Amino acid sequence: MTPYVASWCGLSYLLYLVISPRIMYKLPLRPLLIALLASSPAIAQSYPLRIGAEVGGTSSNLRVSSGRSTGGLQPSYGIRLGVGAELSLGLLSYLSAGISNIGVNLNGDRQHYLHPVLYYGGNYLLNEKSSVSLNGEFTHTEFSPSNKNSVVVPVSFFESVVGNPNIKPIKVMTNRLSYNTSVKGLKLSGTYMSLCYFDNELDRFSLDESRIYRMRVNNSFFCGNHFTLELSHNFFQNHLLLTTTVQQELNYLRGDDYHLSKSILRYGGNATYLVGDFRINARFTSGYHALDIREPFFVRIDPRYSFSVQWTHQDWSLTFAAQNVFKRYFEQQIHMDYGRYQREGVRAFEAQGRCLNLTVAYNFGFGRKHQAGSREIDKKIESAILKP
């Protein structure tokens, strides 16, 4: 929603109301209705008020029978009220809060989950080249209703899935602090992100003499701390752009069944060179060893690398690209010790493995052509949002 603000003594305010019912369908449906109300032109100039409504989501029935279960969510509704302010000193802030409801119908037994939602943040322009921002939210994730039952379903000759009638949504809190600056052509971006999952959903395993039983439960807390540093610089009169990214993650999972932690260091680089009608690009992302918090398990992920050359001349374009040429499959090696049950496996993805392709394109130039007018940009704007 585009803010419509009015200024008074160097201070401007934004007030909006969003009513957001979500109805779940197998195919997403998001009609959008926006209404702008004003009692008179004079009031609209002094005290603008924007009111909006949004409808969208999914819907299906939930039926559980012997040996099989299918799931879906009932209509869900949410109401959110927010206020924001922009100071003339280059500070923009916002706050939005409300209540969201998730409805579940299990064989005629309807249950509703009410959750508060909160969105907040601010962006401060330190000078013409530097800014700092803080953005956060408190929300929840939707669970699969197919797990909300008491049915035991065999999925292999040694494993069965057990439903959990007490499964519930996960509460999520995210905070992101960012700093961006530019020094003599060197662009630097530093970000810290904190991610917390309350009542995190994962697998609990049990076994008897002949079978393993797996049930989804909410009995853990996850916290992740992510630090990201990105540097980019242009060389040779903007013909060569080099970008490098380093990310450090400190993740831990605490609960009744698991006590896990993992430190992850990953890095990547990207180089783009422009010469005449050619564009040459090379990209690399390192492999790393991560913690999947939803099953849970440890996973080792292969590195990724790609190379491309593109030639463009008038209406013709020719592109050659290569990806992960030394391995047919992109692999993820999984391992986990669940006590009396150990898991070892490999996930292989051919579409993300070795790939060579050649693309030839020609632009026929259909449609009416017209010359675009000149565009003027006011670079003296001090707003961290409006500044180009």
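It should be emphasised that the depicted structure is a prediction, and the values quoted were computed from it without experimental measurement.

Would you explain the overall build of the chain in this entry?
From N to C terminus, the chain includes one helix and 25 strands. Out of the 388 residues belonging to the chain, those deemed buried represent 34%. Relative to all contacts within the chain whose residues are 6 or more apart in sequence, the contacts with residues 24 or more apart total 58%. Accessible surface for the chain amounts to roughly 24500 Å². Of this, 58% is attributable to carbon and sulfur atoms.

Quick question: what am I supposed to make of a nonpolar patch on the surface here?
A cluster of nonpolar side chains, Phe 307, Trp 316, Leu 318, Phe 320, Val 325, Phe 326, Leu 356, Leu 358, Val 360, Tyr 362 and Phe 364, forms an exposed patch at the surface whose accessible area comes to about 1200 Å². When contributions to the nonpolar patch are tallied by element, the ones reaching two or more residues are β22 (316–323) and β25 (355–362). No other element matches β25, which puts four residues into the nonpolar patch. If you trace the backbone, Leu 356 turns up in strand β25.

Explain the packing of aromatic side chains to me, please; I cannot follow it from the model alone.
One pair of aromatic rings is described through two measures. These are the centre distance and the angle between the planes. Considering all chains together, one arrives at twelve aromatic pairs under this definition. Aromatic side chains Trp 316 and Tyr 362 sit 4.7 Å apart centroid to centroid with 55° between the ring planes, which places their arrangement in the tilted category. Here Trp 316, found in strand β22, pairs with Tyr 362, found in strand β25; they are 46 residues apart in sequence, far enough to count as distant. Residue Tyr 362 is classed as partly exposed on the basis of its relative accessible area of 37%. Taken together, Phe 198, Phe 221 and Tyr 252 form an aromatic cluster joined through their ring pairs. The ring of Tyr 288 has Arg 266 lying over it, and the distance from NZ or CZ to the ring centre is 3.9 Å. Looking at Arg 304, its charged tip hangs above the ring of Phe 330, at a distance of 4.3 Å from the centre.

What am I meant to see in the pairing of strand β20 (residues 297–301) here?
In summary, the side chains of a regular strand alternate between the two faces of the sheet. For β20, a buried count of four out of five residues is recorded, marking the element as mostly surrounded by other parts of the structure. Remark: four residues form the turn of the hairpin made by strand β19 (residues 288–292) and β20, two consecutive strands paired antiparallel. In this structure, β20 lies alongside strand β23 (residues 330–337), joined through four bridges in antiparallel fashion. Bridging across to β23, Val 299 finds its partner in Ile 334.

Whenever I open this one, the nonpolar core confuses me. Can you help?
Grouped burial of nonpolar side chains is what soluble globular proteins tend to show. Tyr 197, Leu 253, Tyr 258, Leu 260, Met 336 and Tyr 338 are the most contacted members of the largest nonpolar core, which has 26 residues in total. Once you skip the residues sitting within four places of it in the chain, Met 336 turns out to touch Tyr 258, Leu 260, Pro 296, Phe 297, Phe 298, Tyr 341, Gln 342 and Arg 343. By size, the runner-up hydrophobic cluster in this structure holds five residues, among which are Val 104, Tyr 113, Phe 143 and Ile 167.

How each quantity is defined
- Residues numbered from 1 in each chain as written.
- Predicted model: local features only at pLDDT ≥ 70, side-chain atom pairs only at ≥ 80, totals over all residues.
- Heavy atoms only, no water.
- Helix = DSSP H or I, 4+ residues; strand = E, 2+ residues; numbered from the N terminus.
- Buried < 20%, exposed > 50% of the residue type's maximum accessible area, 1.4 Å probe, protein only.
- Contact = heavy atoms within 4.5 Å.
- Areas by Shrake-Rupley, 256 points an atom, 1.4 Å probe, with all protein chains shown as cover.
- Patch = residues over 30% accessible without salt bridge, like charges linked within 9 Å, V, L, I, M, F, W, Y side chains within 5 Å.
- Salt bridge = Lys/Arg side-chain N within 4 Å of Asp/Glu carboxyl O.
- Phe/Tyr/Trp six-rings, centres within 6.5 Å; stacked < 30°, edge-to-face > 60°.
- Lys NZ or Arg CZ within 6 Å of the ring centre and 35° of its normal.
- Pairing = 2+ DSSP bridges.
- Core = buried A, V, L, I, M, F, W, Y, C linked by side-chain atoms within 4.5 Å.

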